Amino acid sequence: MSKNFRRAGAALFVTALTAASLVACSSEQAPQGAGDGGGESAAASDTIVLGFSQVGAESGWRAANTKSIQDTLTKENGFDLKFSDAQQKQENQIQAIRSYIQQQVDVIAFSPVVETGWDAVLEEAKAADIPVILTDRAVDSEDDTLYESFIGSDFVEEGKRAGEWAVEQYDGEGYKAVELQGTTGAAPMIDRQQGFADAIAGSDIEMIDSQTGNFTRTEGKQVMEGFLQKYDDIDLVFAHNDDMGLGAIEAIEAAGKVPGKDIKIITVDGVKDGMQALADGKINYIVECNPLLGPDLAEIAKKVVAGEEVEKRIVTQDEAFDQEAAKAALPDRQY
Amino acid sequence: MPTSQAAGGFGAVVRHHLFWPVVALVALLAVNTAVRPGFLSVSILDDHLFGSPIDILRNCAPLMLVALGMSLVIATRGIDLSVGAVVAISGAVALTFIAGAPDPASTTTVLLAIGMALALGLVLGVWNGFLVSVLGIQPIIATLILMTAGRGVAMLITEGQITTVTSAPFKMLGAGYWLGLPVATLVAFGVFALVALLVRRTALGMLVESVGINPAASRLAGVRARTIVWTVFALSGLFSALAGLILSSNVMAADANNAGLFIELDAILAVVIGGTSLAGGKFSLSGTFVGVLIIATLSLTVTNVGISPLVTPLFKALVVAAVTLLQSPAMRRKLSERTRRRGRTAPVTPSDKPADVATDKVVAS
């Protein structure tokens, strides 16, 4: 979910190029029948005009996140959703937010691409009296009056739940664990690592090595290959996302071992491929990072518009799955 | 190629353009072996070879192909920034096709998918070549267009998802083994050898170099500069597509965002480490070969030695800086002067071909 951190450099490099417009992802997707009515409809009826600026479409997780928002904030539910895709670029997002301010929408919501650099545009929104809701990722700002609420998962908690399950299952067997970290410095990476480390402290599970796999399958596989050559007694892998875990499965199989049996695997995310591998017995446990933020966003947006107090931090309910639960949940998974 | 200097003593060996890259590679392997004595050992597991050296050889395959195309492009004074995007598109096309086929595991489906991806890669390469050689757009700008747009195209093909398939024949390409060796390695090394033979055993290599040194003069001398430039860009596209197939087959997934991300930089680096100048002209495929192995070994070294992810970029930068410094013409001149002054009087015979990378002479070594 935070792969775009790595891309920031490359993105900056090519921003100037208008060729970006060839990237044909549509930047404005008016939801069904929304028409092009501006903010004037809001005053007349109960419809809440909500401008949402999404990070992009970089992963299965993100796609599910977008779908959840588009499916929840519908006309029937009393919303007029204005959706834009920032293609992982902060300036696109700032532009989108500015255009929402000009259109005088009722609420602005967005998932910040990066943590910093939002103060100016959020001040503008505040000056225009438009409440802002953050989803999935936080902004790093001194002034927390700039937004109403932040809805998203608690990454430390995710790491902790993964670690607690490991302790519950394997404590006392002297397990040696390795960790496949996400992109160095990304919030989910830092928090999941810390949560897991806290949870296994005091047990006899020993973290023998930890290396970044950049949240990708290819690098997850390569790092796991290195680990498998380096140590011949790995019992447990903790991967910061499903994709790296899936890469590790490939590496473990190539090394003639059985993933899920000889080497246990715990991951975070719960995307479809990960859940499938879990149901197939190749992964042992997945802590979900829930992308279905639509319902929470709808609720908070309604409260904000009605002038009610809302909590600054709303933690989404993440589930966790073992192999049996995955088999049961798989047919109804939305993503 | 490396065999050209049989005689000439120690000085000639040091002055050979492959000396420092090979020293760097050996040093990296030595460090790894010091940390883990079994690093270089290879065992047999399930009828195929297994060990860190095999991992290096397999994981370097995509970069080997991309760097091969890049060497030729750079030799004509060009540069191809779009290789990473082509890698992503190729993987996306192949996997989307296989995923949508009625029988993903059939060999025909897989061959069709591979054929489509390669053809598309070639077309994209031809497009780059057209922009550069016919419209005269500077290579860095011409290929930047595809670099930027390419990932978007790949994302459109995969609909923003990571496409995964289960297809045994396709898996052979990136993760399979033939005669105990990784298929990816055999394919990449095979293509590399073929191209090396083609450019060095025919006049093609010399023509490429002459275009790189002076396109106008070459044209006046009767070299079809435009065709040559066009061809190398087309080849670069084709090889990148093959690299994309190997990469996606390795993990059986097409990730439009991350497949081949920054591979263009790694490829340029491999070419430069190998002693080919970005100014065009004389190029060294054997140097690129060693450069690719250095980069692949470097990645594994990070895991093997257990370097913290926080200092990994710095560590890589230091190794690369050391090799490029030692490769620089000024440094090489200094070093070779010193070896000469030490009284070893390496005779500069006419047969002793100059190995200086900056030489602008056409030397079909």
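Residues numbered from 1 in each chain as written. Chains lettered and ligands numbered in written order. Predicted model: local features only at pLDDT ≥ 70, side-chain atom pairs only at ≥ 80, totals over all residues.

Secondary structure summary: chain A contains 12 helices and 13 strands in total. Nonlocal contacts in chain A, meaning residues at least 24 apart in sequence, comprise 76% of its contacts between residues at least 6 apart. (Helix = DSSP H or I, 4+ residues; strand = E, 2+ residues; numbered from the N terminus. Contact = placed C-beta atoms within 7 Å.)

It is worth spelling out the overall build of chain B at this point. Each helix and strand counted, chain B has 16 helices and 6 strands in total. The C-alpha atoms of chain B give 21 Å as radius of gyration, which agrees with the globular expectation for 365 residues (21 Å, within 12%). Dimensions of chain B, computed from C-alpha atoms along their principal axes, come out at roughly 70 × 55 × 40 Å. Within chain B, buried positions represent 54% of all 365 residues. At a minimum sequence separation of 6, the contacts of chain B that also span at least 24 residues come to 78%. (Rg over C-alpha atoms; globule rule 2.2 N^0.38 Å. Buried ≥ 20, exposed ≤ 12 C-beta atoms within 10 Å, placed from the backbone.)

On the chain B side, the residues contacting the 36 residues of chain A number 34 residues. Among the elements of the structure, helix H3 (60–72), strand S8 (206–212), helix H8 (217–230) and helix H9 (242–254) of chain A are those that each provide at least two residues to the side of chain A that touches chain B. For the side of chain A that touches chain B, the element with the most residues is H8 of chain A, which contributes 10 residues.

Taken residue by residue, helix H8 (residues 168–175) of chain B has Phe-170, Leu-173, Gly-174 and Ala-175 of chain B as its buried positions. In an axial view of H8 of chain B, the angular spread of the buried residues amounts to 155 degrees, which keeps them on one side of the axis. Buried residues along H8 of chain B sit in contact with H9 of chain A together with helix H5 (83–100), helix H6 (107–134), helix H9 (183–201) and helix H12 (225–251) of chain B. (Arc of directions from axis to C-beta.)

All names here are of chain A. Spatially, 6 strands are ordered S8-S7-S9-S10-S11-S13 in an open sheet, and the strand pairing comes out mixed. Looking along the sheet, the strands with just one partner apiece sit at the ends: S8 and strand S13 (320–322). Strand-to-strand twist in this sheet, taken as the mean axis angle between neighbours without regard to direction, amounts to 15 degrees. In terms of strand pairing, strand S9 (residues 236–239) meets strand S10 (residues 264–269) through 4 bridges, oriented parallel. Directly across from Val-237, in S10, lies its bridge partner Ile-265. Together, strand S7 (176–181), S9, S10 and strand S11 (285–288) form the strand contacts of H9, whose direction differs from that of S10 by roughly 155 degrees. (Pairing = 2+ DSSP bridges. Axes fitted to C-alpha atoms, helices over the stretch in contact; angles between N-to-C directions.)

What follows concerns the packing of H8 of chain A against H9 of chain A. Residue and element names in this part refer to chain A. Two elements in contact, H8 and H9, have axes whose closest approach is 7 Å; the angle formed by their N-to-C orientations is 45 degrees. With respect to each other, H8 and H9 are oriented oblique. Considering how the two elements wind past one another, H8 and H9 form a crossing that is right-handed. Contact residues: Arg-217, Thr-218, Gly-220, Lys-221, Met-224, Glu-225 and Leu-228 in H8; Asp-243, Met-244, Gly-245, Leu-246, Gly-247, Ala-248, Glu-250, Ala-251 and Ile-252 in H9. (Parallel < 35°, antiparallel > 145°, perpendicular 65-115°, else oblique. Left-handed = near helix turned anticlockwise from the far one by under 90°.)

All names here are of chain A. Of all 6 residues making up S10, 6 are buried, and the element is well covered by its neighbours. Taking every second residue as pointing to the same face, both faces of S10 are buried, with Lys-264, Ile-266 and Val-268 on one and Ile-265, Thr-267 and Asp-269 on the other. You can see the chain leave S9, run along H9 and come back into S10, and the turn it takes is right-handed. This β-α-β element, S10 to helix H10 (residues 272–279) to S11, shows right-handed connectivity. (Right-handed = clockwise from strand over helix to strand, strands pointing away.)

With that out of the way, let us pick up the environment of Phe-196 of chain A. Topologically, Phe-196 of chain A is positioned in helix H7 (residues 187–200). Distance in space between the C-alpha atoms of Phe-196 of chain A and Arg-161 of chain A is 7.4 Å, their sequence separation being 35 residues.

Right, let's talk about the packing of helix H6 (residues 155–170) of chain A against H7 of chain A for a bit. All names here are of chain A. At a closest axis distance of 6 Å, the pairing of H6 and H7 adopts a crossing angle of 35 degrees. Judged by the sense of rotation from one axis to the other, the crossing of H6 with H7 is right-handed. Residue-level contacts link Phe-155, Val-156, Glu-157, Glu-158, Gly-159, Lys-160, Ala-162, Gly-163, Glu-164, Ala-166 and Val-167 of H6 to Ala-187, Pro-188, Asp-191, Arg-192, Gln-193, Gln-194, Gly-195, Phe-196, Asp-198, Ala-199 and Ile-200 of H7. Across the contact of H6 with H7, the residue classes break down as 10 nonpolar, 5 polar and 7 charged. (Nonpolar A, V, L, I, M, F, W, Y, C, P; charged D, E, K, R; others polar.)

Here the focus is the pairing of strand S4 (residues 107–110) of chain A. Residue and element names in this part refer to chain A. Neither face of S4 is exposed, since Val-107 and Ala-109 on one face and Ile-108 and Phe-110 on the opposite face are all buried. Bridging between strand S2 (residues 48–54) and S4 involves 4 bridges; their strand directions are parallel. Bridged to Gly-51 within S4 is Ile-108. Two elements, S4 and strand S5 (residues 132–135), share 3 bridges in a ladder whose sense is parallel. Its bridge partner being in S5, Ile-108 is matched across the sheet by Val-132.

As a further point, take unusual backbone geometry. Residue and element names in this part refer to chain B. Here the phi dihedral of Asp-47 falls at roughly 70 degrees; this positive angle occurs in a residue that is not glycine. Within the secondary structure, Asp-47 is located in the loop between strand S1 (43–45) and strand S2 (48–50). Of note, Arg-77 is a non-glycine position whose phi angle comes to about 75 degrees, a positive value. With respect to the helices and strands, the residue Arg-77 is situated in the loop between helix H4 (61–75) and H5.

Regions with low pLDDT should not have their predicted coordinates read in detail. Residue and element names in this part refer to chain B. The pLDDT averaged across chain B works out to 87; a share of 90% of its residues lies at or above 70. A low-confidence stretch, residues 1–7 (pLDDT under 50), is modelled with 9 contacts involving residues beyond four sequence positions or located in other chains. This stretch, residues 345–365, has a pLDDT under 50; its non-local contacts, to residues over four places away or in other chains, come to 38 contacts. (pLDDT = per-residue confidence, 0-100.)

So, on to helix H15 (residues 312–327) of chain B. All names here are of chain B. Taking 1.5 Å per residue as the helical rise, H15 with its 16 residues ought to reach 22 Å, and the 23 Å between its terminal C-alpha atoms agrees with that figure. Residues Val-319, Val-323 and Gln-327 constitute the buried set of H15. What you see down the axis of H15 is that its buried residues fit within an arc of 75 degrees, all on one side. Within H15, the exposed residues directed more than 90 degrees away from the buried face are Pro-313, Leu-314, Ala-317, Leu-318, Ala-321 and Leu-325. Looking at the packing, one finds that the buried side of H15 touches helix H2 (19–35), helix H13 (263–273) and helix H14 (285–305). (Expected span 1.5 Å × (residues − 1).)

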